[in-house]
Amino acid sequence: MVCAGVMLTGCTAQRTGGQKGLEVYSIDLGGSAQGEESGEKAIETTSETIKTTQSGEAAESLPQGSNDSVQDHETQPGAENAQNKDRGRNLYTSFLNNEISTVVGNDSQDRSILNNLEKGQAFTFEELGQCINQIYFDPEYTEKITYDYAQYTYVKCPDSDTKNLLVKFVGLNIYSPDDDSFMVCVITEKDGQLYLTDEYECWARSYTEQYRNGLCSTFGSNGAGDHYLAMSAILSNGIAACIYEAEILSGWWTSFVDGTIYNEIFSADVEAPLNVSIYTVGEEKYYIYDIYDLSECTDDQKTLCELYIDRCRDEAGVNWVTDEQLQEAIRKRCSLIGVDYDALEQKEEVEWTNI
């Protein structure tokens, strides 16, 4: 089978942009996806792997020829957890092989794609790809009708010992033609059912690093002196919880802290020798500043920067903090959502596998 752009109920929104040129790609869905620990060896998932009980719940069956017997959970500690892990892996592989559907979860986040899908709506991998095509490629603006290719990876849930499935659709022309932009769908397993729960995008003015431990770093830019970064964690419920996000300002862009005060001190056309980072952790904002290399600053420039900092604190209520205070706030945020604070330094990127 091949993935083509067709109309699906519930996929109503479309992305528009300056796309041009006929580029038609297809994905062969006849092959089998790999299991998360199979290396280069493909895992064939058939109807014999997962059977459905009369109640509609997914149940596992032993491979043919196996001498293993079903173990009593009461006498085998940890057997239930191991069975749940195997069930999740089998279901993920079956979805990638286009054999079962994922359902839009009732708790799914209102992101750009999920916001246009009906809760409870079911998609096979192929149908999900068709929906992505319909949303991103409007025939009124582009001749391209499908994404370039799809990939998948598994990530550990930082708040449990389970894993989530991530499916990436590459070549969406979000910013411009051939910009290698992509979106990632988060799929999680619960009680034998797969749910589409969250998503994120990456395009020309942004950059994303996905780590094996379920953490994800995002970087972006709004201009030469206005940059963005964030760290989130994809939890066991399939939702990406924000740990912190920050806007990094420098020079004239530090006037975003308080434009009125800035103009009174520096004037609108003067670039202050100053950096300001505005962190959002939970519901609170934390401001950190540093003045450029003092050896390159005049005494007058340093005095003006200090005056700006003091007036922003006293008149605008800006919460200037030290790095130690910021890290303590991040540590508490991690504890609140069940993430190990030390994991923020463990940045082993995932390996994506073509579907």
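Residues numbered from 1 in each chain as written. Predicted model: local features only at pLDDT ≥ 70, side-chain atom pairs only at ≥ 80, totals over all residues. Heavy atoms only, no water.

1. A short note on helix α4 (residues 299-316)
No. 1: With 18 residues, α4 extends 25 Å from end C-alpha to end C-alpha; this agrees with the ideal 26 Å at 1.5 Å per step.
No. 2: Restricting attention to buried positions, one finds in α4 the residues C305, Y308, I309, R311 and C312. Buried residues of α4, viewed axially, fall in a sector of 170°; they line one side. Structural note: α4 exposes D299, D300, D314 and E315 on the side pointing more than 90 degrees away from its buried face.
No. 3: One or two positions beyond α4, positive phi appears at G317, with a value near 70°. (Helix = DSSP H or I, 4+ residues; strand = E, 2+ residues; numbered from the N terminus. Expected span 1.5 Å × (residues − 1). Buried < 20%, exposed > 50% of the residue type's maximum accessible area, 1.4 Å probe, protein only. Arc of directions from axis to C-beta.)

2. Here's the deal with the sheet that holds strand β13 (residues 274-281)
No. 1: Read across the open sheet, the six strands follow the order β9-β10-β11-β12-β13-β14; overall the sheet is antiparallel. Each edge of the open sheet is held by one strand with a lone partner, namely β9 (206-210) and β14 (284-291). Adjacent strand axes in the sheet meet at a mean angle of 15°, parallel and antiparallel pairs treated alike.
No. 2: Sheet topology note: the β13/β14 ladder contains eight bridges and is antiparallel. Counterpart to V276 in the pairing with β14 is Y289.
No. 3: Sheet strands touched by α4: β13 and β14. Its angle to β14, the strand with the most contacts, is close to 170°. (Pairing = 2+ DSSP bridges. Axes fitted to C-alpha atoms, helices over the stretch in contact; angles between N-to-C directions. Contact = heavy atoms within 4.5 Å.)

3. Topic: the pattern of salt bridges
A side chain of one charge can pair with a side chain of the opposite charge if their charged atoms are brought near each other.
No. 1: Across all of its chains, the model carries eight salt bridges by this definition.
No. 2: The salt bridge involving E348 is made with R212; its shortest N-O contact spans 3.1 Å. One end of the pair, E348, is in the loop between α5 (323-337) and β15 (353-354); the other, R212, is in the loop between β9 and β10 (215-223), and 136 residues separate them in sequence.
No. 3: With a relative accessible area of 52%, E348 lands in the exposed category.
No. 4: Overall, the relative accessible area of 35% leaves R212 in the partly exposed class.
No. 5: Between R311 and E315 there is a salt bridge, and its shortest N-O distance comes to 2.8 Å. (Salt bridge = Lys/Arg side-chain N within 4 Å of Asp/Glu carboxyl O.)

4. Topic: the pairing of strand β8 (residues 193-202)
No. 1: The element β8 is extensively covered by neighbouring structure, given that seven of its 10 residues are classed as buried.
No. 2: Note that strand β3 (residues 102-104) and β8 share two bridges and pair parallel. Residue V104 lies in a different strand from β8, and its bridge partner there is L196.
No. 3: Two strands pair when backbone bridges link them, and strand β7 (residues 182-190) and β8 are joined in this way by nine bridges, in the antiparallel orientation. Within the sheet, the bridge partner assigned to F182 lies in β8 and is C202.

5. Side note on the nonpolar core
No. 1: Core analysis: the biggest nonpolar cluster contains 29 residues, and F95, L165 and F169 have the highest contact counts within it.
No. 2: At the level of elements, α1 (79-96), α2 (125-136), β5 (149-156), β6 (163-170), β7 and β8 are the ones that each hand at least two residues to this core.
No. 3: For this core, the element with the most residues is α2, which contributes six residues.
No. 4: Residues in contact with F95, not counting those within four places in the same chain, are I100, S101, T102, F123, T124, F125, L128, L165, V167, I187 and L194.
No. 5: The next biggest cluster of nonpolar side chains, apart from the first, holds 23 residues, and it includes I243, A246, V321 and I330. (Core = buried A, V, L, I, M, F, W, Y, C linked by side-chain atoms within 4.5 Å.)

6. Quick word on the packing of aromatic side chains
No. 1: Enumeration according to the criterion identifies 15 aromatic pairs in this entry.
No. 2: A centroid spacing of 6.0 Å and a plane angle of 15° characterise the contact between F125 and F169, whose relative ring orientation is stacked. Separated by 44 residues along the polypeptide, F125 in helix α2 and F169 in strand β6 bring together distant segments of the chain.
No. 3: Under the relative-accessibility criterion, F125 is labelled buried at 0%.
No. 4: Note on F169: relative accessible area 0%, which makes it buried.
No. 5: Ring geometry for Y262 against Y308: centres 5.5 Å apart, planes inclined by 85°, an arrangement best described as edge-to-face. (Phe/Tyr/Trp six-rings, centres within 6.5 Å; stacked < 30°, edge-to-face > 60°.)

7. Focus on the pairing of strand β12 (residues 240-250)
No. 1: Relative to β12, strand β11 (residues 226-234) is paired through nine bridges, and the arrangement is antiparallel. The residue of β12 that forms the bridge with D226 is L249.
No. 2: Hairpin geometry of β11 and β12 is characterised by an intervening segment of five residues between the two adjacent antiparallel strands and by a positive phi of about 85° at G238.
No. 3: In the sheet, β12 pairs with β13 via six bridges, with the strands oriented antiparallel. Across the sheet, residue L249 finds its bridge partner in β13, namely V276.

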